[in-house]
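Remarks on the overall topology
Residue strings, one per chain:
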Amino acid sequence: MTALDETAIGGLGASRRRVEDARFVRGRGHYVDDIHLPGMLHMEILRSPLAHARIVSIDTSKAWEIPGVRLVLTGEMMAQRNLAWMPTLSYDTQAVLATDKVRFQGQEVCVVVADDPYIAKDGCEAIVVEYEALPAIVNPEQAAAPDAPVIRDDKEGQTDNTCYRWAVGDAAATERAFAQADVVSSLKLHYPRSHPSPIECCGSIADYDAGTGKLTVYMTTQAPHIIRAAVALVAELPEHMIRIVSPDIGGGFGNKVPIYPGYVAGILASILLGKPVKWIEDKSGNLSSTGFGRDMYLDAQMALRSDGKILAVRMHAVTDQGAFFADAQPSKFKVGLLHSAFACYDVPVGLITAEGQYTNKAPGGVAYRCSFRVTEAMFFQERMVAAAAADLGIDAAEIRRRNLLTDDRFPHRTAFGFLVDSGQYHKCLDLGLDAIGYEEFKRDQVAARERGRLLGIGISTMTEPLGAGNSREYDILGIKMFDSAELRVHMTGKAILRTGAKTQGQGHETTWAQIVSHELGIPADDVIVEEGDTDTAPFGMGTYASRSTPVAGAAVAMVARKVRAKARKLAAHLLEVSEEDVEWELGRFYVRGAPERGATIQECAAAAYSNMPDGMEPGLENNAYYDPPNLTWPFAVYIVTVEVDPETGVWDVLRVVAVDDCGVRINPMIVEGQIMGGLTEAYAMANMQFQTYDADGNQVGSNYMDYLLPTAWETPGFELHEVVTPCPHHPIGAKGVGECAAVGGPAAFVNAVHDALASTGVRNIDMPVLPDRVWQALQDGRDVSGAPPVRSDS
Amino acid sequence: MTSFAAREITPGAEDEYRITVTVNGERRVVEVEPRLLLAHLLREGLGLTGTHLGCDTTNCGACTVLVDGTPVKSCTMLAVQADGRQVTTVEGLGTAGELDPVQEGFSVEHGLQCGFCTPGMMLSARALLDREPDPSEEDVRWALSGNLCRCTGYQNIVKAVLWAARKEAGR
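First, a word on scope: everything that follows refers to the structure included in this document.

Here is what the cut-offs are and how they apply
- Residues numbered from 1 in each chain as written.
- Chains lettered and ligands numbered in written order.
- Predicted model: local features only at pLDDT ≥ 70, side-chain atom pairs only at ≥ 80, totals over all residues.
- Core = buried A, V, L, I, M, F, W, Y, C linked by C-beta atoms within 7 Å.
- Buried ≥ 20, exposed ≤ 12 C-beta atoms within 10 Å, placed from the backbone.
- Helix = DSSP H or I, 4+ residues; strand = E, 2+ residues; numbered from the N terminus.
- Contact = placed C-beta atoms within 7 Å.
- Axes fitted to C-alpha atoms, helices over the stretch in contact; angles between N-to-C directions.
- Parallel < 35°, antiparallel > 145°, perpendicular 65-115°, else oblique.
- Left-handed = near helix turned anticlockwise from the far one by under 90°.
- Nonpolar A, V, L, I, M, F, W, Y, C, P; charged D, E, K, R; others polar.
- Pairing = 2+ DSSP bridges.

**Side note on the nonpolar core**
Ranked by internal contacts, the top residues of the largest apolar core, which has 325 residues, are Leu73, Leu97, Val112, Val516, Val556 and Val753 of chain A together with Val161 of chain B. The greatest single-element share of this core, amounting to 15 residues, is contributed by helix H15 (residues 548–575) of chain A. Other than its neighbours up to four places away in sequence, Val753 of chain A contacts Gly456, Val642, Val644, Trp651, Val769 and Val774 of chain A.

**Quick notes on the packing of helix H2 (residues 101–108) of chain B against helix H5 (residues 155–168) of chain B**
Residues and elements named next belong to chain B. The interhelical angle for the contact between H2 and H5, taken along N-to-C directions, is 130°, at an axis separation of 8 Å. Judged by the inter-axis angle, H2 sits oblique to H5. By crossing handedness, the relation of H2 to H5 is classed as right-handed. Two secondary-structure elements touch here, H2 through Pro101, Val102, Gly105, Phe106 and Val108 and H5 through Ala160, Val161, Trp163, Ala164, Lys167 and Glu168. In the contact of H2 with H5, the residues fall into eight nonpolar, one polar and two charged.

**Some details on the packing of helix H3 (residues 118–131) of chain B against H5 of chain B**
Residues and elements named next belong to chain B. Their axes nearest at 11 Å, the elements H3 and H5 cross at an angle of 40°. With respect to H5, the axis of H3 lies oblique. The handedness of the crossing between H3 and H5 is right-handed. On the side of H3, the interface is formed by Met121, Ala125, Leu128 and Leu129, while H5 contributes Ile157, Val161, Ala164, Ala165 and Glu168. Considering only residue class, the contact of H3 with H5 consists of eight nonpolar, no polar and one charged.

**Here we look at the pairing of strand S15 (residues 293–304) of chain A**
Side-chain positions along a regular strand alternate between the two faces of the sheet. Residue and element names in this part refer to chain A. Counting buried residues in S15 gives 11 out of 12 residues, a clear majority hidden from the surface. Of the pairings in the sheet, the one linking strand S10 (residues 183–194) to S15 comprises 11 bridges and is antiparallel in character. Residue pairing in the sheet places Leu187 in a bridge with Ala300 of S15. Taken together, the nine bridges between S15 and strand S16 (residues 310–322) define a ladder with antiparallel strand orientation. Within S16, the residue paired with Tyr297 across the bridge is Val318. Counted along the chain from S15 to the antiparallel partner S16, the turn is five residues long, and its residue Gly308 has a positive phi close to 100°.

Taken by themselves, the reported measurements are silent on function.
What follows is the structure, encoded as structure tokens:
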């Protein structure tokens, strides 16, 4: 008997076609808005038109008069039930419906529940709210001014707009290193506010059954179990009477991690009315009120030797948090994992300080395709390295060669405390440089410049921490960041797998089955995967921050191994030998020394239900909770070439080369899909995608006419390359990958444009590197800040 | 009809119009409010939930359907404007037993991830191949530029459409 061909059964490394596609290409996906319950009502939200204002009065009487309007809720009515405020994921509070003040444009003020959404919208328009406008604060500088109005006057003891302060590193050692530096390279920049903007907006259907006392909420959530815990706390309902169901999700990117006012108001409405209440956000609601990413200012210095060796880094970051501190992040770290900056480099010491300021902008700071602020960390890092190379006159590839960790340095403890465990950084860099034809491009660039053409090449190299926890250091609201899987093998050898993660396009239904296949030899087509229903799925922390494969994926492998351990006992029974004499090969146990005598995993499964040995518990199933010993550390090199039009400032992407080392790839096709999606986000952020506010706090970019996203037309093509350094602690050697390109990519595009402008002396143009900014820089040779405006009357 | 924007139909009610729309080859007679959007008629009135709503401003293209063979964003077309016309939604692509080559191409080339933009994207692609059976990559990118995707980066979507073109040409 020959061993199974793992690729043929859809195991590890197979580019297996996705099982999800069968329903999606037929239009038979099951998104929350596709769910229709009998007697269902519809909820719409009335939002604040002002960024900062005291609520003088709310008159809802006209709304109640509209036929078909069933309920109007105000903040006051929520307050009567102790539901006007809710906790955020960063230990702050957030208004569900405003009671005292509105604190950002788009804030939730009232909700109307009606027979259909058209009537509910009519109801919202009939509500009269009288506001007394207050000065709006639209950036952290204004917020920190001594005479700034206090936005969060609802919080006891809050006398200014400071939201948090945080520091990590060794201040004294860093000062000493700077004192010994040949050169200090400085850089100030702003990573603009950006919205994850999945095409599907947020929404929910709350269905409270007065007969059973059970609340079911169908919801666009990336983390259903966290939501269940939060609902139990907020609504004071017993956790076993809450069922959160996350159906198909039309993209998440971190936007669908937090709990939003619409969910809470919908739940109360359903409880009050005894009917299912559907709330589907419109796009401007999504863009103007739900979790954004970034909006961070950097003031940084790097100490270097004249040969380009980095001696120390010092970074001060200021975050614009909006009106509520609602970052979805591990509670121990107030500015996410910003301190993962420089993890791929040999940087002996450093200091990072950070502070957050409340402003009259939407709350958030969510992990937008990002492992908690690592996107800012890696962008800052790679812009600082590029600036240092320019300051020293050292080639951009060469300065990286001189500072990237070499293969013999692992495991490496970074200056900020992370343990980076594996990688082949120099091999990846060389592969990328080779692929783009680095030296040749540099020659072409010189020749082109002589003819007045501006060509540029940008490099970004980075490793990032993916897959939180371990549980010692990582928790959200006190819940440790582990994950889970349950596997049940039926008597015919088919199986069902459930995990605590929640797919939103990553293809878990396809890839988790491949892990089971790898571990048990059951064909992947024989394994169905379910996620997202808290009544059936084991407790897990959900899918964001590229943590599914590192944590839930590991749990899948571990539960399969537990099942295999029991199957071994069944095989020994079937083969009438002792367990010690049973050997395993993919899909089959056999007798040591007599390989022709064997029992397949399917035969073992049948025995578990029909022929188990005396005293053995029937059945073939198990569960596993996986607490990773460390984060996973993928490495990536992104290299971009551009041409800048000196007349218009428009830049075109010539080529994009990506080298990703994310360890063992479960499904290479899906991994490449993730990388290309991330590269597109990187291009978007570098080129066009951002949200800003005018001096009065009016949001620019609150709909798709103003919030630019790249289409198929602008988006460049991508050339992908691979290096595999298995993760030393993950059961199948995999590392996270979903956001590497979105994290490391932006700096490659931005560095390329700056390289094209190298002769002008311009050191920094803030993202997005818009044509008018480039044009301005070309005109006067000065840096261009993208920071939001300061009030004209202050 | 479900409850959405149609509630209980009152024949002859002043604010409702009777329209006839042929949807995926099937003639449907419905009474609708004048303000009802075509997307809502399809999704809620006719239960064809494969047409998704993404942005309300005619930008994202998730709600793209074919009206008399032309891609139209059904979130900004009134249902009454579809009176007497032929509408094709994702549910009208392929047959029960066989996928349309565009659907098959999207799966083969991994042209979708979360699947939310996919129906609209496929209908724009279908319209392209109907008028240009042998498109260039540039043709495909231009034809799909009214449909946003946040997951894939488009490269595999382009490959999917070219795959379908090759399949239909028997290549």
